[in-house]
Amino acid sequence: MTIAPNMDSPRTATANPPTHPVPPNLGQAHVVRSSAGGPVAENPQPLTEVAKLIDVSKCIGCKACQSACIEWNDTQPEVGVNVGVYENPHDLTPEMFTLMRFTEYDNPDTGDFEWLIRKDGCMHCAEPGCLKACPAPGAIVQYSNGIVDFIHENCIGCGYCVSGCPFNIPRISQKTHVAQKCTLCSDRVAVGQGPACAKACPTHAITFGTKEDMTALAAERVEDLKSRGYDNAGLYDPAGVGGTHVMYVLHHNDKPQIYDGLPEDPKISDVVRNWKGPAKPVGIAAVGLAAIGAAAMALFHRGNSVSQEDEAEARELVQEELRGAPVERPHDKGSA
Amino acid sequence: MVERKFSEPTDEIVQLEPVEVRRYIAFTRWNHWFTAICFIVLMLSGFAFFHPSLYGLTALFGGGQTTRWLHPFVGIALTVSFLGMFFQLVHLNIIRREDLVWTANIKDVITGHEERLPELGKYNFGQKTVFWGMFWLILALLITGIMMWYQYFPHLVSIETRRIAIFVHSVSAVLIVLVFILHIFAALWTRGTLRAMTRGTVTGGWSWRHHRKWLRELARRQRTKPAE
């Protein structure tokens, strides 16, 4: 099977790439949101919303997704060190956009010992905290298919996206001084191919397609898991960030935090909202009004000038004091 | 020897006809203007990151990346420079009882009836407000600034703490710019003030009108030696 040339977004990661040239999409015409008032398309071409579905219950922790990610994005991370845990590297890095996080979970309800493996990486939020926090126009964009992408030529490496993200995903490169994260393989999706990680996954724990298809697939998987005794199985598509374009099927959807701290109700922090919301216009207005007020008073108020009498008084005072005969003067009230 | 309470050792009546008083030595003036240049660079580069409509200010410093790199270093330079100012000026900037009387009658200051107000030492309450406002806000900006200095301190604080730090940094920045505007305005509105930071001297009339206790003390200190 190959992808039909008229499709705007790939429907699967497993299909072979198109056999004839496909005009790439995901350009400026598809930008629906852009950081710090960067340019957005006037009439953005609507693309079918895409999503990656990560079925945690099917993952075997082989890290083929990590290898595929390194290979496609050509990030060349350094060889790591073994400190006795399975995570490798030990955290997301500017060269590792996705990471298998391993948790050993002692289930108190069943007494079972469970090995939870979650593929961590950018969730491609519908309401991205990174994009909200970013001060550089056009450094973070969201396309009409839902992908959130960093445009490195506009990135200034300040790290505000790290503070904005509710999932702790972006990493700042100390070599290139730009923020890095999973692109959802926007450069593959743009030409009809699914993400590299999904293509490489041997158990189809990672699947890719339209958000609609992935939600339907997740429902099937959740039903199957429930029939196998996982009563709390469910789809992780958190509403606090408007839903995400990377979703998880979790066998314990009631306790997402057991999957190495997956947030239960992620949303953009109120501190970030206030900083990027009211603080900006109020701050600019306060400074502007103060400057205009000061300028107006400087122009229209005559100012506090020293008179000739003041100079004469000064001469008198200095002469008196120098002579050493200080005279208490009637307007000395309050002086020590 | 007259007790020195309202003046610096370097303050001096340098001329009698007409009276002219040295208020700041060259070192203090250079220190001040270096701090001022740092402040302006920080204000312009900081505004670029504060509001998208002002992002174009980054062009003054060679683009966003350079501005991001430059801002914290200039912040450190300003802190060091301001500390120099701080130790020179702090002891005459302690709030005194007459400052409260002066503040309660601020209307007389604005309407030019300073004769109704208590005599003041080297600084009035407005000047002291600028001094302490700068001090506390620079301290807040320094601490929060280091917390958000991602290039060198990426793991100094948690992400939650850094969010608060960035917020406090923005609010403090707005406040310090307001203090800065007050500082410039007051220096220009009170005619004859600016030369204290350029030439280093002020006229006797200016000193008599605004800082009479300071002038009186300088004259008393110079009683034993002629000032000419």
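In case you missed it, the structure is sitting above this.
Keep in mind it's a predicted model, so treat the numbers as computed, not measured.

Engineer: Got a sec to walk through the overall build of chain A? Specific residues and values, please.
Structural biologist: A tally of regular secondary structure across chain A gives 9 helices and 11 strands. Computed over C-alpha atoms, the radius of gyration of chain A comes to 30 Å, more than 25% over the 20 Å expected from 2.2 N^0.38 for 336 residues, which places it beyond the range of a compact globule. Overall, chain A is about 105 × 55 × 40 Å in size when its C-alpha atoms are taken along their principal axes. Counting every position in chain A, which comprises 336 residues, the buried fraction comes to 51%. Across chain A, every contact between residues at least 6 apart in sequence was considered, and the portion connecting residues at least 24 apart equals 62%. If you sum the accessible surface of chain A, you get close to 15,500 Å²; carbon and sulfur atoms cover 53% of it. Side chains of chain A carry 28 positive and 41 negative charges; the gap between the two charge centres is 3 Å.

Engineer: Would you mind going over the pairing of strand E5 (residues 140-143) of chain A in detail, with residue names and values included?
Structural biologist: All names here are of chain A. Residues Ile 140 and Gln 142 point to one face of E5 and Val 141 and Tyr 143 to the other, with burial holding for every one of them. Judged from the 3 bridges that link them, strand E1 (residues 31-34) and E5 form a sheet pairing that is antiparallel. Bridge pairing in E5 places Val 31 opposite Tyr 143. Count of turn residues in the E5/strand E6 (residues 148-150) antiparallel hairpin: 4 residues, of which Gly 146 carries a positive phi of about 105°.

Engineer: Describe the packing of helix H8 (residues 279-300) of chain A against helix H6 (residues 159-189) of chain B, listing the residues and the values that go with them.
Structural biologist: Two elements in contact, H8 of chain A and H6 of chain B, have axes whose closest approach is 10 Å; the angle formed by their N-to-C orientations is 0°. For the element pair H8 of chain A / H6 of chain B, the angle class is roughly parallel. Contacts between H8 of chain A and H6 of chain B involve Ala 279, Gly 283, Ala 286, Val 287, Ala 290, Ala 291, Ala 294, Met 297 and Ala 298 of chain A from the first element and Phe 167, Val 174, Val 177, Leu 178, Ile 181, Phe 185 and Trp 189 of chain B from the second. Along the lines of polarity and charge, the residues of the contact of H8 of chain A with H6 of chain B split into 15 nonpolar, 1 polar and no charged.

Engineer: Describe the pairing of strand E1 (residues 12-15) of chain B, listing the residues and the values that go with them.
Structural biologist: All names here are of chain B. The sheet contact formed by E1 and strand E2 (residues 20-22) spans 3 bridges and is antiparallel. Bridge pairing in E2 places Ile 13 opposite Val 21. The hairpin formed by E1 and E2 contains 4 residues between the paired strands.

Engineer: Any details on the environment of Met 214 of chain A? Residues and values, ideally.
Structural biologist: Residue and element names in this part refer to chain A. Tracing the chain through its elements places Met 214 in helix H6 (residues 211-227). When the C-alpha atoms of Met 214 and Arg 11 are compared, they prove to be 9.7 Å apart, with 203 residues separating the residues in sequence. Leave out the neighbours within four places in its chain, and Met 214 touches Ala 51, Leu 53, Thr 207, Phe 208, Gly 209 and Met 247.

Engineer: An account of the environment of Cys 122 of chain A is needed here, citing residue identities and associated values.
Structural biologist: Residue and element names in this part refer to chain A. When you line up the elements, Cys 122 lands in the loop between strand E4 (113-120) and helix H2 (129-133). As for Cys 122 and Leu 184, which are separated by 62 residues in sequence, their C-alpha atoms are 7.9 Å apart. With sequence-adjacent residues up to four places away left out, Cys 122 is seen in contact with Ile 169, Lys 181, Cys 182 and Val 246.

Engineer: Lay out the interface of chain B and chain A in plain terms, naming residues and giving numbers.
Structural biologist: Contacts between chain B and chain A engage 58 residues on the former and 65 residues on the latter. Between chain B and chain A, a total of about 5,400 Å² is buried, with carbon and sulfur atoms accounting for 64% of that surface. The three residues of chain B that bury the most area against chain A are Tyr 150, Arg 163 and Trp 208 of chain B, which together make up 13% of that side's buried surface. Our count for the chain B to chain A interface comes out at 5 salt bridges. Residue Arg 209 of chain B pairs with Asp 310 of chain A through a salt bridge whose shortest N-O separation is 2.9 Å. The tally of links between chain B and chain A comes to 19 residue pairs in polar contact (both at pLDDT 80 or more). With 13 residues, H6 of chain B is the single largest residue contributor to the side of chain B that touches chain A. Residue composition of the side of chain B that touches chain A, grouped by class: 31 nonpolar, 12 polar and 15 charged.

The rules we used
Residues numbered from 1 in each chain as written. Chains lettered and ligands numbered in written order. Predicted model: local features only at pLDDT ≥ 70, side-chain atom pairs only at ≥ 80, totals over all residues. Heavy atoms only, no water. Helix = DSSP H or I, 4+ residues; strand = E, 2+ residues; numbered from the N terminus. Rg over C-alpha atoms; globule rule 2.2 N^0.38 Å. Buried < 20%, exposed > 50% of the residue type's maximum accessible area, 1.4 Å probe, protein only. Contact = heavy atoms within 4.5 Å. Areas by Shrake-Rupley, 256 points an atom, 1.4 Å probe, with all protein chains shown as cover. Lys, Arg positive; Asp, Glu negative; His and termini not counted. Charge placed at Lys NZ, Arg CZ, Asp CG, Glu CD. Pairing = 2+ DSSP bridges. Axes fitted to C-alpha atoms, helices over the stretch in contact; angles between N-to-C directions. Parallel < 35°, antiparallel > 145°, perpendicular 65-115°, else oblique. Nonpolar A, V, L, I, M, F, W, Y, C, P; charged D, E, K, R; others polar. Buried area = accessible area lost by both parts, 1.4 Å probe. Salt bridge = Lys/Arg side-chain N within 4 Å of Asp/Glu carboxyl O. Polar contact = N/O pair within 3.5 Å; in protein donor to acceptor, adjacent residues only side chain to side chain.

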